Amino acid sequence: MKKEMKRGLAAVMTAALLLPQMAIAAEPERELLQASQTRPWEGKEIQDISAADLKEQNEILMELDQTVREVLLDAEDEEISVDLTGMELEVGRDDYINKLKYISPYCNSDVTLQIWYDGSYYSDLEIITDLSKEERNSHVEEADAKVADILSWVTDDMTDAEKLLAVHDYFVADFAYDLYGGEGEEAYQCGGIFRNRTGVCQAYAYGYLYIMNKLGIECYFANSPEMGHAWNIVKADGNYYHVDCTWDDPVEDTLGAVSHQYFLLSDETMQDEKATSQVHTGWDLTMLPCTSKSYENAYWKQAFSRVIQLDGSSYYMKTDGVYRRDLSNGREQKLADVGIWNTWGSDGWYEQPQSGLSIYRGELYYNTSTEIRKMALNGAGNTLVYRPDTSDGYVYGSHISGGTLEYMIKQDPWMEGEKIAAPVDLDSLAPADPDELPFQDVRNGDWFYDSAKYVYDKNIMTGLDTITFGPGEQLKRAQLAVILHRMNEEPEMTYSALFPDVPDGQWFTDAILWAADAGVVTGYSNTGFFGTGDNINREQIATMMYRYARYKGYSLEDAADFSSYPDAAYVNEFAEEAMAWAVGNGIITGKENPVRLDPQGLATRAECATIIMRFMETFEK
């Protein structure tokens, strides 16, 4: 292959628009380069091509793609021949130029290409269409709009892996596998899957390659004749990885359902029958070794929906509901329950959620088995959007495309379903109030509202469930350990049997082990137990907050004389120093009338939220 094959196309474009249309028979010195109409890669040998050559091929295909676009917009004729001789493109054994008709979003049943060669070099690119000039303009505008929509999910501040994830999830959520061959030849083309939202593996892989090239991310078309299957190999963080959008898209389709099983995998994992549902073998791009396993335990592996990345957070569906993840520290917060999907006609149920996740006008949309709902990005304002007729099946997935809310009604995940447009004008729906908390037991005007909102927004106290904060519930010792653990960025701990009632793998295990290691909590000296479910009183909170401040290196000064409180004598000796510090710094104040400390009173979750807010506003500004 010539190293000088890349040429500017300005001159080529000018020649293309000035060339008269000539019949094929009038040019006997050139020959038509034939290719398979369905699987053009079959039988091609590319093992001897280097990664640099593959990258250069992609660049040339993208240049030619833009030539096709400009010719469709500007040419007056319905058939246009573009002279390629000035580019000195040598005909290789892999005939990569002939892949242009499959990789360009402007090629489908309305616009076809024929590639000609003269000797050892490509000579002409013939663009054939019956569309009028106005129709060609609309054709290009539609393709451009689809590409722009896909690219809109990517931001400049994303890492390459995050960009790859955003586009992977768009493809899997928005497209469906053409299981029954309804789209014909277009099912194999990027331009077909972009237009029809259905296609086969070749269309997924060429479309993904096209978008990655637009983003400047190395991406290649991997083919396995042995499997009759195609996918992509991409480069992120200096390493190559496999990405198979097709096999991450469920069949039959459940709208919005997204798997991440085949996203950013190594060669070894792609061939490991224990790690994947279907091993991949016999692919051609062996010159691109995928050895890294950096992302094989990434958080998105647990996601069953598109991962929506926005303003430093990710939103996705896990087994039991919708979650928000703070990308700066990895903390997860559950925003909404989705319930279960019963097997039709029985009491059994499916373990995985059958819900899509979409974002529209800054709000999250998801579905349960019987309805479609929306909420603000913090889970507030959770309201019903539409309740479909579920007499013949449950809601299996939802998705928003082009401002239209779509859903499916099926009786099981493997049943064929049709996309149904919900009769809802999304633009007319009242927006959720992001300042409203999602809890039904916390209302603006409650004395603890500000503190409950403060700890919720910081993902420190997330509620007993997605709709219950439990302000009057008594706080448990394990709960306070978890709260302090979250305030300290939730460090992971190696398990040790420190307390008999703190087994491995519980929601409080790491928090209690960390708090004990930090000297913030201790167990009961007489039993050795921690007392995970025991209530905690106000002097115990003061003591734990005092120890936490000492652990963090905060000031332990400004102690106050609390002897004027009528119940000061009820403060135990072990807690006196901590209570003096807490009162002096305004962390704990008196309650009721007459004012008293109530050191032995059991602390409620509302009181805890208030104490935590005062502490953080004093020491963690």
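Residues numbered from 1 in each chain as written. Predicted model: local features only at pLDDT ≥ 70, side-chain atom pairs only at ≥ 80, totals over all residues. Heavy atoms only, no water.

*Asks:* Sorry, what's going on with the side chain of histidine 260 here?
*Replies:* Inspection of the secondary structure puts histidine 260 in the loop between β9 (239-243) and β10 (263-265). The exposure class assigned to histidine 260 is buried, which follows from its relative accessible area of 2%. Among all residues touching histidine 260, those that are not within four sequence positions of it are Leu165, His168, Asp169, Asp248, Trp300, Lys301, Ala303, Ser305 and Val307. (Helix = DSSP H or I, 4+ residues; strand = E, 2+ residues; numbered from the N terminus. Buried < 20%, exposed > 50% of the residue type's maximum accessible area, 1.4 Å probe, protein only. Contact = heavy atoms within 4.5 Å.)

*Asks:* What exactly am I supposed to notice about the packing of aromatic side chains here?
*Replies:* A ring pair, where both rings are aromatic, is described by two values, the distance of the centres and the angle of the planes. Applying the stated criterion across every chain, the model contains 34 aromatic pairs. Among the aromatic side chains, those forming a connected cluster through ring pairs are Trp514, Tyr546, Tyr548, Tyr551, Tyr554, Trp581, Phe615 and Phe619. Against the face of tyrosine 524 rests arginine 477, its NZ or CZ located 4.9 Å from the ring centre. Arginine 605 extends its terminal NZ or CZ atom over the ring of phenylalanine 469, reaching a point 5.0 Å from the ring centre. (Phe/Tyr/Trp six-rings, centres within 6.5 Å; stacked < 30°, edge-to-face > 60°. Lys NZ or Arg CZ within 6 Å of the ring centre and 35° of its normal.)

*Asks:* What am I meant to see in the packing of helix α12 (residues 538-552) against helix α14 (residues 605-619) here?
*Replies:* Each pair of packed helices can be described by the angle between their axes along with the distance between the axes. Two elements in contact, α12 and α14, have axes whose closest approach is 12 Å; the angle formed by their N-to-C orientations is 25 degrees. The pairing of α12 with α14 is recorded here as roughly parallel in orientation. Regarding α12 and α14, the two cross each other, and that crossing is right-handed. Facing α12, whose interface residues are Arg538, Ile541, Met545, Tyr548 and Ala549, α14 presents Glu607, Ile611, Ile612 and Phe615. (Axes fitted to C-alpha atoms, helices over the stretch in contact; angles between N-to-C directions. Parallel < 35°, antiparallel > 145°, perpendicular 65-115°, else oblique. Left-handed = near helix turned anticlockwise from the far one by under 90°.)

*Asks:* I'm lost on helix α13 (residues 576-584) in this one. Help?
*Replies:* Side chains that are three or four residues apart share a direction in an α-helix, a result of its 3.6 residues per turn. Restricting attention to buried positions, one finds in α13 the residues Ala578, Met579, Ala580, Trp581, Ala582 and Val583. Against the buried residues of α13 lie α12 and α14.

*Asks:* How should the environment of aspartate 504 be read in this particular structure?
*Replies:* If you trace the backbone, aspartate 504 turns up in the loop between α10 (477-487) and α11 (509-517). The exposed category is assigned to aspartate 504, whose relative accessible area is 52%. Between the C-alpha atom of aspartate 504 and that of glycine 339, which follows or precedes it by 165 residues, the distance is 27 Å. Discounting chain neighbours no more than four positions away, the residues touching aspartate 504 are Tyr495 and Thr509.

*Asks:* How should the sheet that holds strand β19 (residues 372-375) be read in this particular structure?
*Replies:* The strands making up a sheet are joined through hydrogen bonds of the backbone, oriented either antiparallel or parallel. Here we have 4 strands laid out as an open sheet, ordered β17-β18-β19-β20, and antiparallel in their pairing. Only two strands of the sheet have a single neighbouring strand rather than two, namely β17 (357-360) and β20 (383-386). Here the average twist between neighbouring strands, direction ignored, is 35 degrees. Relative to β20, β19 runs antiparallel, the two sharing 3 bridges. The partner of lysine 374 across the bridge, within β20, is threonine 383. (Pairing = 2+ DSSP bridges.)

*Asks:* Even after reading the chapter, I still don't get the pattern of salt bridges, so can you show me in this structure?
*Replies:* Oppositely charged side chains are able to pair whenever their charged atoms sit close together. Summed over the entire model, instances satisfying the criterion amount to 23 salt bridges. The partner of glutamate 332 in a salt bridge is lysine 318, with the nearest N and O atoms 2.9 Å apart. Placement of glutamate 332 in strand β14 (residues 332-337) and of lysine 318 in strand β12 (residues 313-318) is noted, with a sequence separation of 14 residues between them. By relative accessible area, which is 14% here, lysine 318 ends up buried. Among the ionic pairs, lysine 591 bridges to aspartate 598, the shortest N-O distance being 3.1 Å. Taken individually, lysine 591 and aspartate 598 each receive the classification buried, so the pair is uniform in this respect. Linked by salt bridges that have partners in common, Arg538, Lys591, Arg596, Asp598 and Glu607 make up one network. (Salt bridge = Lys/Arg side-chain N within 4 Å of Asp/Glu carboxyl O.)

*Asks:* In this structure, what is going on with the sheet that holds strand β21 (residues 394-401)? I would like to understand it.
*Replies:* Here 3 strands make up an open sheet; going across it, the order is β21-β22-β23 and the pairing antiparallel. Of all strands in the sheet, those bounded by a partner on one side alone are β21 and β23 (420-421). As paired strands, strand β22 (residues 404-410) and β23 are joined by 2 bridges and run antiparallel to one another. Across the sheet, tyrosine 407 pairs through a bridge with isoleucine 420, a residue of β23.

*Asks:* Which parts of the structure should I look at to understand unusual backbone geometry?
*Replies:* Peptide bonds are, in most cases, trans, and in most cases residues other than glycine have a negative phi. Within the chain, leucine 264 stands out as a residue other than glycine whose phi angle is a positive 55 degrees. Look at asparagine 459: it is not a glycine, yet its phi comes out positive at around 60 degrees. Mapping asparagine 459 onto the fold places it in the loop between α9 (449-457) and α10. Judged by its relative accessible area of 9%, asparagine 459 is buried.

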